[in-house]
Amino acid sequence: MANGFIAAEDATRALPFILFLAFLGMIYIANRHLAEKNIRDIAKLTKEVHELTWEYKVTKADLAFKSTQSEVAKRADTLGVKESIQPAQKITVKEDAIQ
């Protein structure tokens with residue numbers, strides 16, 4: 001045994017185990033970075049889904065408002081189309097008139 005804390009022979013024998021521990025440490029660190037990146041991506045996507053949900057609700061409400069009869073009549077009036085005042089009439093065709 002030498003004067004030092006660990007002899008050169010003991011250090012050489014422990015080298016594979018130390019390299020194995022260093023490899024496990026690098027895997028642990030890489031796994032941690034990957035997990036944090038996934039958490040950030042999930043948070044970003046969750047925020048985007050919330051924003052798109054609100055945009056969908058606003059667009060749906062706007063469409064419901066614009067498709068009301070009064071709003072359609074206003075828009076059609078700008079094109080020169082007037083709303084009919086007379087009620088709709090049913091057209092019937094007699095069988096013998098077709099021949």
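Residues numbered from 1 in each chain as written. Predicted model: local features only at pLDDT ≥ 70, side-chain atom pairs only at ≥ 80, totals over all residues. Heavy atoms only, no water.

Turning our attention to helix α1 (residues 8–66). Between its first and last C-alpha atoms α1 spans 85 Å; for 59 residues at 1.5 Å apiece the expected length is 87 Å, and the two agree. Along its length, α1 shows its largest kink, about 45°, at Leu-15, and proline Pro-16 lies within four residues downstream of that point. (Helix = DSSP H or I, 4+ residues; strand = E, 2+ residues; numbered from the N terminus. Expected span 1.5 Å × (residues − 1). Bend = angle between axes of the 7 residues up to and from the residue.)

This paragraph deals with the confidence of the model for the chain. Of the residues in the chain, 93% have a pLDDT of 70 or more, and the chain-wide mean is 89. Per-residue pLDDT, averaged within each element of the chain, yields its smallest value for helix α3 (residues 95–98) (69) and its largest for α1 (96). (pLDDT = per-residue confidence, 0-100.)

This brings us to the environment of Leu-15. For Leu-15, the position within the fold is in helix α1. In sequence terms Leu-15 and Glu-95 are 80 residues apart; their C-alpha atoms lie 103 Å from each other.

In this fold, Leu-24 is placed in helix α1. Here Leu-24 falls in the partly exposed class, since its relative accessible area comes to 39%. Taking the C-alpha atoms as reference points, Leu-24 and Leu-63, 39 residues apart in sequence, are found 57 Å from one another. (Buried < 20%, exposed > 50% of the residue type's maximum accessible area, 1.4 Å probe, protein only.)

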